[in-house]
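The lines below spell out each chain.
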Amino acid sequence: MDPDAVAKAFVEHYYSTFDANRPGLVSLYQEGSMLTFEGQKIQGSQNIVAKLTSLPFQQCKHNITTVDCQPSGPAGGMLVFVSGNLQLAGEQHALKFSQMFHLISNQGNYYVFNDIFRLNYA
């Protein structure tokens, strides 16, 4: 399958799930997965989703600007780098963000092994 198509489909699924049903992200991670969120490291699918659902906003909308990907390793993994804007409900100005995912292929499906998120301050 075309890596760009896989990356695009993953990004659309991830952010639409994040925006509408954050607890639903649990199936995209495994116990060995790690999230670094603004410098804080969190490991394990349940801990990662607990962090994401505890963020100080309930409603948001991700608007993706760029998606770049590269194949990673002999087992069909993939690096996906995303940049965009995060619009929080009730806020006038969007926040710029960057996020990197290391996806691992598991019998034709992908899960997030590494996830690094940063807000970009100008």
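Calculation criteria
- Residues numbered from 1 in each chain as written.
- Predicted model: local features only at pLDDT ≥ 70, side-chain atom pairs only at ≥ 80, totals over all residues.
- Heavy atoms only, no water.
- Pairing = 2+ DSSP bridges.
- Helix = DSSP H or I, 4+ residues; strand = E, 2+ residues; numbered from the N terminus.
- UniProt positions renumbered as here; feature names shortened; annotations may be inferred.
- Expected span 1.5 Å × (residues − 1).
- Buried < 20%, exposed > 50% of the residue type's maximum accessible area, 1.4 Å probe, protein only.
- Contact = heavy atoms within 4.5 Å.
- Polar contact = N/O pair within 3.5 Å; in protein donor to acceptor, adjacent residues only side chain to side chain.
- Salt bridge = Lys/Arg side-chain N within 4 Å of Asp/Glu carboxyl O.
- Phe/Tyr/Trp six-rings, centres within 6.5 Å; stacked < 30°, edge-to-face > 60°.

Moving residue by residue along a regular strand, the side chains alternate between the two faces of the sheet. The pairing of strand S1 (residues 29–37) with strand S6 (residues 109–120) spans five bridges and is classified as parallel. Each residue of the ladder has a partner; that of phenylalanine 37, found in S6, is phenylalanine 117. Inspection of the sheet shows strand S5 (residues 95–106) paired to S6 by eleven bridges, in the antiparallel sense. Bridge pairing in S6 links glutamine 99 to phenylalanine 117. Between S5 and S6, which follow one another and run antiparallel, lie two residues, and glutamine 107 among them has a positive phi close to 55°.

Now for the UniProt feature "domain: NTF2" (unreviewed entry) in the protein. The sites that carry the UniProt feature "domain: NTF2" (unreviewed entry) are, in the present numbering, residues 6–119. End C-alpha to end C-alpha, residues 6–119 measures 25 Å, and it is 21% helix and 54% strand.

With 18 residues, helix H1 (residues 3–20) extends 26 Å from end C-alpha to end C-alpha; this agrees with the ideal 26 Å at 1.5 Å per step. Here H1 has its buried residues at Val6, Ala7, Phe10, Val11, Tyr14, Tyr15, Thr17, Phe18 and Asp19. Among the structural elements, S1, helix H2 (45–53), strand S3 (60–72), strand S4 (77–88), S5 and S6 are those in contact with the buried residues of H1.

With that out of the way, let us pick up the side chain of histidine 102. Relative to the assigned elements, histidine 102 resides in strand S5. A distance of 3.2 Å separates polar atoms of two side chains, one belonging to histidine 102 and the other to serine 72. Apart from residues no more than four positions distant in its own chain, histidine 102 is found in contact with Ser72, Met78, Leu79, Tyr111, Val112, Phe113 and Asn114.

Under the defined criterion, the tally for this structure stands at two salt bridges. Of the charged contacts, one joins lysine 8 and glutamate 12 as a salt bridge, the two residues approaching to 2.7 Å between their closest N and O atoms. Taken together, the positions of lysine 8 and glutamate 12, both in helix H1 and four residues apart, correspond to about one turn of that helix. Measuring nitrogen to oxygen at the nearest pair gives 4.0 Å for the salt bridge that ties glutamate 38 to arginine 118. Placement of the pair is glutamate 38 in the loop between S1 and strand S2 (40–43) and arginine 118 in strand S6, with a sequence separation of 80 residues. Of the residues examined, glutamate 38 reaches a relative accessible area of 28% and is grouped as partly exposed.

Scanning the model with the defined rule gives nine aromatic pairs in all. Their ring planes at 80° and their centres at 4.9 Å tell us that phenylalanine 10 and phenylalanine 101 sit as a pair that is edge-to-face. Taken together, the residues phenylalanine 10 in helix H1 and phenylalanine 101 in strand S5 connect sequence positions 91 residues apart. Summarising the burial analysis for this pair, phenylalanine 10 and phenylalanine 101 share the class buried. A centroid spacing of 4.8 Å and a plane angle of 5° characterise the contact between phenylalanine 37 and phenylalanine 117, whose relative ring orientation is stacked. Taken together, the positions of phenylalanine 37 in strand S1 and phenylalanine 117 in strand S6 put the pair 80 residues apart, joining distant regions of the chain. With respect to class, phenylalanine 37 is no different from phenylalanine 117; both count as buried.

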